[in-house]
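# Results of the structural survey
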There are 2 protein chains.
Amino acid sequence: MTEAVPTETQAEIADAVRKALAKHGYARLTTAKIAAESSKTEAGLYYHYDSKDAMVAAFLEGATGFLKRQLEDLEAADPEPRLREACDRLFVKFDDEPRRRTNIAVMELLAHAPHNETLQAPLLELESSNLAVLEKIVEDGIEQDVFREVDARGVAAFLLAAASGSTGFYLALGMEDIGPPLHTQAESYIDSLLV
Amino acid sequence: MTEAVPTETQAEIADAVRKALAKHGYARLTTAKIAAESSKTEAGLYYHYDSKDAMVAAFLEGATGFLKRQLEDLEAADPEPRLREACDRLFVKFDDEPRRRTNIAVMELLAHAPHNETLQAPLLELESSNLAVLEKIVEDGIEQDVFREVDARGVAAFLLAAASGSTGFYLALGMEDIGPPLHTQAESYIDSLLV
DNA sequence: CTAAAACGAGTGAGTGTTCACTAAGCAGGC
DNA sequence: GCCTGCTTAGTGAACACTCACTCGTTTTAG
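Residues numbered from 1 in each chain as written. Chains lettered and ligands numbered in written order. Predicted model: local features only at pLDDT ≥ 70, side-chain atom pairs only at ≥ 80, totals over all residues.

## Let's talk about the overall build of chain A
The number of helices and strands found in chain A is 9 helices and 0 strands. Shown N-terminal to C-terminal, the secondary structure of chain A runs as helices and strands in the order α-α-α-α-α-α-α-α-α. Viewed in the frame of its principal axes, chain A has a C-alpha envelope of about 60 × 40 × 30 Å. Looking at the 195 residues of chain A, the share that counts as buried comes to 43%. Considering only residue pairs separated by 6 or more positions, chain A has 63% of its internal contacts joining residues 24 or more positions apart. (Helix = DSSP H or I, 4+ residues; strand = E, 2+ residues; numbered from the N terminus. Buried ≥ 20, exposed ≤ 12 C-beta atoms within 10 Å, placed from the backbone. Contact = placed C-beta atoms within 7 Å.)

Shown next as structure tokens:
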């Protein structure tokens with residue numbers, strides 16, 4: 001586990017990967033397009049990274065790190081509002097354009113992960129972490145008698161699946177009108193967990 | 001809407017696309033790999049399709065058609081068992097290898113859809129159709145007083161999102177142990193809809 | 001204190017390979 | 001003898017990556 005804090009330039013390139021992915025998608029990502037989004041030339045990228053794959057991996061580590069922290073740094077302390085806050089962050093808003101694009105990009109990398117080993121580790125860590133955070137909240141809620149005696153892991157997985165699934169038809173396909181009822185339904189689902 | 005029933009050879013090529021996608025993913029899909037999965041040479045593919053994009057589109061139309069029909073041809077008549085049956089088909093089993101790979105491939109195409117127009121129409125039709133089927137079941141259930149007065153569209157979207165989301169961490173990342181509790185939780189969610 | 005050497009960061013111009021796609025031709029059935 | 005279906009052999013473009021070199025800064029040596 002080489003943590004290797006990226007230099008400023010490395011971070012700039014990783015951000016260029018994000019922009020290029022948002023514009024063109026992973027399947028059409030090229031080093032030329034990454035360079036175009038950064039202040040460097042194509043060859044210059046290779047001074048900081050060994051390969052295109054390494055650049056994508058750098059972006060992915062940054063993105064998954066951010067998504068992980070977003071769910072770890074919840075403000076509410078009590079289980080119920082805490083779970084609602086988590087849900088709020090998990091269901092990305094349609095008009096948050098950069099975040100929407102980034103989520104779609106991560107989804108494309110996720111779908112490609114079975115065919116590219118370097119993508120697997122950060123994604124696995126992201127999902128495991130998110131799952132653990134949600135599970136912990138539900139467990140606490142059960143202990144404090146605010147939630148019914150449900151399967152904490154199942155509930156966590158169900159919520160997480162619903163949130164990531166919404167990225168597909170809501171964010172990627174642009175089915176705008178489905179977002180609000182979806183989020184409302186997630187809230188109702190949480191209601192149904194209460195004692 | 002040119003329905004254009006594919007010839008036998010065209011269908012064989014579309015199936016070769018499926019196999020190639022399962023093996024290599026969309027980002028690494030090449031015409032050479034498609035040819036390798038079929039009985040034709042690379043150039044031969046172009047006698048039947050104008051472009052690589054057209055071949056992918058042909059696969060996608062077949063795949064989405066199948067996924068649509070799978071949810072339209074439910075056996076149970078009454079809302080509750082019907083919704084459970086729909087759920088059963090929506091949550092793909094881990095050990096159903098070809099289906100699993102196909103679902104992942106469709107997910108990769110879905111994530112790439114914002115950057116490739118030819119992918120959008122069949123995917124939009126698939127999701128709309130699935131959503132409509134689920135919504136109808138819930139609506140019927142409400143009318144027949146077997147489900148509570150919930151937001152049918154929201155419930156449909158929530159179930160569909162959970163199912164497609166599970167493709168990500170369950171199927172693509174290989175988190176095998178999360179599948180069963182997820183499916184169980186979907187069942188519990190349906191329980192919570194009952195009057 | 002200064003000149004030379006070394007180094008970090010980057011560029012412009014390639015290189016070999018892979019890719020999507022095409023042109024020309026050929027076998028066999030009507 | 002002419003379509004239909006397919007092949008062999010390309011073609012130019014795009015791609016990931018490399019190389020020789022530059023230019024400013026920093027380190028070292030006398």
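Don't stop here, the text continues.
## Here we look at the protein's contact with DNA strand C
Of all residues adjacent to DNA strand C, which total 14 residues, the nearest are Ala 43 and Gly 44 of chain A together with Thr 30, Ala 43 and Lys 52 of chain B. For the surface near DNA strand C, the residue count by class is 5 nonpolar, 6 polar and 3 charged. (Near = placed C-beta within 6 Å. Nonpolar A, V, L, I, M, F, W, Y, C, P; charged D, E, K, R; others polar.)

## A few points about the environment of Leu 90 of chain B
Relative to the elements of secondary structure, Leu 90 of chain B occurs in helix α5 (residues 79-90). A C-alpha to C-alpha distance of 9.8 Å links Leu 90 of chain B and Ser 166 of chain B, two positions 76 residues apart in sequence.

## Concerning unusual backbone geometry
Positioned with a positive phi, Asp 145 of chain A is a non-glycine residue whose angle comes to about 60°. With respect to the helices and strands, Asp 145 of chain A occurs in the loop between α7 (117-143) and α8 (152-172).

## A look at the nonpolar core
Across soluble globular proteins, nonpolar side chains show a tendency to be buried alongside one another. If you look at the biggest cluster of nonpolar residues, it comprises 119 residues, and the most contacted ones within it are Val 17, Met 55 and Phe 158 of chain A together with Val 17 and Phe 158 of chain B. Beyond its immediate chain neighbours, meaning those up to four positions away, Phe 158 of chain A contacts Ala 162, Leu 182, Gln 185, Ala 186 and Tyr 189 of chain B. (Core = buried A, V, L, I, M, F, W, Y, C linked by C-beta atoms within 7 Å.)

## Focus: the protein's contact with DNA strand D
Close contacts around DNA strand D come from 14 residues, with Thr 30, Ala 43 and Lys 52 of chain A together with Ala 43 and Gly 44 of chain B the closest. Every element with two or more residues in the surface near DNA strand D is listed here: α2 (31-37) and α3 (42-48) of chain A together with α3 (42-48) of chain B. Of the residues assigned to the surface near DNA strand D, the class counts are 5 nonpolar, 6 polar and 3 charged.

## A few points about helix α8 (residues 152-172) of chain B
An α-helical turn contains 3.6 residues, so a residue and the one three or four places further along point in the same direction. Residues and elements named next belong to chain B. With 21 residues, α8 extends 29 Å from end C-alpha to end C-alpha; this agrees with the ideal 30 Å at 1.5 Å per step. Where α8 bends most, at Ser 166, the angle is about 30°. With 19 of 21 residues buried, α8 is to be regarded as a mostly interior element. Positive backbone phi, approximately 70°, marks Gly 174, located one or two places after α8. (Expected span 1.5 Å × (residues − 1). Bend = angle between axes of the 7 residues up to and from the residue.)

## Notes on the interface of chain A and chain B
It is common to give the size of an interface as the accessible area lost on bringing the parts into contact. Of the residues lining the interface, 43 residues belong to chain A; the matching set on chain B comes to 44 residues. Looking at the side of chain A that touches chain B, the elements that each hand over two or more residues are α6 (97-112), α7, α8 and α9 (179-191) of chain A. Grouping the constituent residues of the side of chain A that touches chain B by class yields 25 nonpolar, 13 polar and 5 charged.

## Describing the UniProt feature "domain: HTH tetR-type" (unreviewed entry) in chain A
Look at the UniProt record and you will see "domain: HTH tetR-type" (unreviewed entry) annotated at residues 7-67 of chain A. For residues 7-67 of chain A, the helix share is 77%, the strand share is 0%, and the end-to-end C-alpha distance is 21 Å. (UniProt positions renumbered as here; feature names shortened; annotations may be inferred.)

## Some remarks on the relation of the copies chain A and chain B
You can overlay chain A on chain B at an RMSD of 0.1 Å; the transform is a turn of 180° with a shift of 0.0 Å along its axis. Given the turn and translation reported, the copies of this chain are related as if by a two-fold rotation axis. When the interface residues of chain A are mapped onto chain B, 100% of them again fall at the interface, so both copies present the same face. (Least-squares fit on C-alpha atoms with pLDDT ≥ 70 in both.)

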